[in-house]
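One-letter residues, chain by chain:
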Amino acid sequence: MDRPLFLVLLTGILFLFQSGSLPFLSADEPRYTRIAEEMLSSGDWVIPHLEGKPWLEKPPLFYWLAAGIFSLLGSGEAQSRAVSALALAATGAALCFFGGRWFSPQAGRLAALMFVSSSAVIGFARGASMDALFTCLSFCGICAFGQALWEDSQAKRVLYLTFSGVSIGLAVLAKGLLGLFLPVALLVLFCLWTESWHRLTWTGILLWGTVVLLVALPWHYLAFQREGFSFLATYLINHQVARFLTEIHHHAQSYFYYLLVLPASILPWTPFLLLLANRNPPNRSEERPNIPRGHATLLLTLLTLFLLLFFSLSSSKLPGYILPACPPLVLLIAVRCLAEEDSGQSSKLPAIALHASAILMLLIGTALSGFLVQSYGISLLSALACGS
């Protein structure tokens with residue numbers, strides 16, 4: 001079995017283990033579950049409904065997937081959270097695949113293991129959240145586009161562009177127009193920076209754009225046909241443009257909010273950020289065929305910083321918004337860890353980071369298990385399973 005596929009299956013099982021032992025933990029979880037239930041019972045797969053009324057705040061991909069799972073396994077906490085669990089497991093597989101293609105198989109595996117064991121991923125994998133789905137689709141779409149830039153084979157380039165277009169189109173259906181704006185803005189910036197446009201033909205760009213539209217546009221057209229300008233006012237203006245520009249949804253935070261949340265999101269691996277601060281990093285000699293290592297590092301760095309800047313400027317801030325920055329960040333850390341190991345230099349940074357991470361892992365697991373026992377009255381065994 002391929003390692004990425006095995007990783008999806010294994011982490012998906014671990015994420016789902018005992019996930020139904022906790023009640024819904026936020027207002028969004030029961031709301032999203034109810035919408036998916038109503039979609040399944042009514043057979044209306046175009047307009048989501050809550051208590052019989054149109055719910056136009058979010059696009060429908062999460063509801064479609066959840067309703068599909070409900071049709072097979074019934075509804076409940078675990079079934080509703082399965083979408084997030086499988087999406088984040090698939091993100092780990094994408095890290096394994098693209099990290100292996102761009103750097104080394106060891107870097108891909110290490111990044112995947114860091115990602116699926118980080119605090120935010122474990123937390124969001126056990127919750128019904130659209131951020132997990134968006135994280136997976138946007139990361140896959142951006143990485144596949146980058147891979148297409150570096151492919152010499154025309155057939156493989158078409159394959160990666162098509163996969164990227166499908167992923168970005170689905171990202172729009174998971175998170176709205178943000179799923180298109182963020183990847184396009186980032187990829188334009190990357191191509192201008194690296195002067196990589198010459199590696200793509202207009203035919204390739206047209207193919208990518210066509211695939212994105214074929215995936216994302218039909219639902220938007222049908223929803224507008226059904227609901228008219230109230231769809232645009234609620235879905236586009238209120239919950240996308242106004243959410244970014246105003247405090248209308250009461251999620252205001254400091255501009256520095258994500259400078260704290262992002263490091264906390266990759267706990268217990270946060271101390272390894274010290275390796276990225278090293279101004280004279282060791283240069284690992286291994287080079288992947290047809291892929292400029294510096295370009296791959298730049299793409300991941302730009303993705304992390306671009307997401308951090310964009311969401312920091314947003315007037316509405318929630319912890320899950322920064323989740324898409326975790327995959328590129330942990331891949332950068334994994335590459336630097338292996339470079340330090342292979343360099344033979346006597347640096348104490350990796351050892352310090354490793355010991356700090358081990359201590360953090362113990363403290364976090366103990367504190368979370370105690371919180372679950374005290375707050376929800378579940379058994380210690382279940383708490384330990386959820387906390388781990």
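Residues numbered from 1 in each chain as written. Predicted model: local features only at pLDDT ≥ 70, side-chain atom pairs only at ≥ 80, totals over all residues. Heavy atoms only, no water.

**Q** Lay out the overall build of the protein in plain terms, naming residues and giving numbers.
**A** Scanning the protein from N- to C-terminus turns up 17 helices and 2 strands. Out of the 388 residues belonging to the protein, those deemed buried represent 51%. In the protein, once contacts between residues fewer than 6 apart in sequence are set aside, the share between residues at least 24 apart is 79%. Within the structure as shown, the protein displays about 17800 Å² of accessible surface, and the carbon and sulfur contribution to it stands at 69%. (Helix = DSSP H or I, 4+ residues; strand = E, 2+ residues; numbered from the N terminus. Buried < 20%, exposed > 50% of the residue type's maximum accessible area, 1.4 Å probe, protein only. Contact = heavy atoms within 4.5 Å. Areas by Shrake-Rupley, 256 points an atom, 1.4 Å probe, with all protein chains shown as cover.)

**Q** Requested: an account of the environment of Leu-149, with residues and values cited.
**A** Mapped onto the secondary structure, Leu-149 falls in helix H7 (residues 130-150). Along the backbone, Leu-149 and Trp-197 are 48 residues apart, and their C-alpha atoms lie at a distance of 8.3 Å. Discounting residues that sit within four places of it in the chain, Leu-149 has contacts with Arg-157, Phe-190, Cys-191, Ser-196, Arg-199 and Leu-200.

**Q** Run through the side chain of Thr-91, naming residues and quoting values.
**A** Along the chain, the position of Thr-91 falls in helix H4 (residues 77-102). Thr-91 sits in the buried class, given a relative accessible area of 0%. Once residues lying within four places of it in the same chain are set aside, the contact partners of Thr-91 are Phe-115, Thr-135, Cys-136, Phe-139 and Pro-327.

**Q** Just give me the short version of the nonpolar core, but keep the residues and values in it.
**A** Grouped together as the largest cluster of nonpolar side chains are 106 residues, with contacts concentrated most on Phe-62, Trp-102 and Phe-311. Per element, the largest residue contribution to this core is 15 residues, and it comes from H7. (Core = buried A, V, L, I, M, F, W, Y, C linked by side-chain atoms within 4.5 Å.)

**Q** An account of the packing of aromatic side chains is requested, with residue identities and associated values reported.
**A** On inspection of all chains with the given rule, the structure shows 18 aromatic pairs. Relative to Phe-190, the ring of Trp-150 lies with its centre 6.3 Å away and its plane at 80°, an arrangement referred to as edge-to-face. Residue Trp-150 is found in helix H7, and its partner Phe-190 is found in helix H9 (residues 178-194); the two are separated by 40 residues along the sequence. Phe-190 shares its class with Trp-150; the two are buried. Look at Trp-219 and Tyr-235: their rings are 5.6 Å apart centre to centre, the planes differ by 75°, and that puts the pair in the edge-to-face class. (Phe/Tyr/Trp six-rings, centres within 6.5 Å; stacked < 30°, edge-to-face > 60°.)

**Q** Quick one: what's the story with unusual backbone geometry, residue by residue and with numbers?
**A** Across the junction of Leu-267 and Pro-268, the peptide omega takes the value 5°, indicating a cis bond. Residue placement: Pro-268 occurs in the loop between helix H12 (257-265) and helix H13 (273-276). You will see that Glu-51, though not glycine, has its phi angle at about 55°, which is positive.

**Q** Which residues make up H4, and what values go with them?
**A** For H4, built from 26 residues, the straight-helix expectation of 38 Å at 1.5 Å per residue is met to within 8% by its first-to-last C-alpha distance of 38 Å. If you look at H4, its biggest bend is around 30°, right at Val-83. Of all 26 residues that make up H4, 20 are buried, and the element is covered over most of its length. (Expected span 1.5 Å × (residues − 1). Bend = angle between axes of the 7 residues up to and from the residue.)

**Q** Describe the pattern of salt bridges, naming the residues involved and giving the relevant values.
**A** Counted according to the given criterion, the structure contains 7 salt bridges. Measuring nitrogen to oxygen at the nearest pair gives 3.2 Å for the salt bridge that ties Glu-38 to Arg-34. Highlighted residues: Glu-38 and Arg-34, both in helix H2 (residues 28-42), separated by 4 residues, approximately one helical turn. Given a relative accessible area of 10%, Glu-38 falls into the buried group. Looking at Arg-34, the relative accessible area reads 36%, which means it is partly exposed. Residues participating in the shared-partner salt-bridge network are Arg-34, Glu-37 and Glu-38. (Salt bridge = Lys/Arg side-chain N within 4 Å of Asp/Glu carboxyl O.)

**Q** Which residues make up the confidence of the model for the protein, and what values go with them?
**A** Of the residues in the protein, 78% have a pLDDT of 70 or more, and the chain-wide mean is 81. Helix H8 (residues 154-175) holds the highest mean pLDDT among the elements of the protein, 94, whereas helix H17 (residues 380-387) holds the lowest, 41. For the stretch residues 378-388, pLDDT sits under 50, and the model shows 28 contacts to residues farther than four places along the chain or on other chains. (pLDDT = per-residue confidence, 0-100.)

**Q** Break down the environment of Tyr-258 for me, with residues and values.
**A** Position of Tyr-258 among the secondary structure elements: in helix H12. With 54 residues separating them along the chain, Tyr-258 and Ser-312 place their C-alpha atoms 6.4 Å apart. For Tyr-258, the contacting residues outside a window of four places in its chain are Pro-263, Leu-308, Phe-311, Ser-312, Lys-317, Leu-318, Pro-319, Tyr-321 and Ile-322.

**Q** Give a detailed account of the packing of H4 against H7, specifying residues and quantitative values.
**A** Running from amino to carboxyl end, H4 crosses H7 at an angle of 20°, the nearest separation of the two axes being 8 Å. Between H4 and H7, the angle is such that the two are roughly parallel. Every pair of crossing elements has a handedness; the one defined by H4 and H7 is left-handed. For the pair formed by H4 and H7, the contact residues are Val-83, Ser-84, Ala-87, Leu-88, Ala-90, Thr-91, Ala-94, Leu-95, Phe-98, Arg-101 and Trp-102 on the first element and Ala-132, Leu-133, Thr-135, Cys-136, Phe-139, Cys-140, Cys-143, Ala-144, Gln-147 and Trp-150 on the second. Residues that form the contact of H4 with H7 fall into these classes: 16 nonpolar, 4 polar and 1 charged. (Axes fitted to C-alpha atoms, helices over the stretch in contact; angles between N-to-C directions. Parallel < 35°, antiparallel > 145°, perpendicular 65-115°, else oblique. Left-handed = near helix turned anticlockwise from the far one by under 90°. Nonpolar A, V, L, I, M, F, W, Y, C, P; charged D, E, K, R; others polar.)

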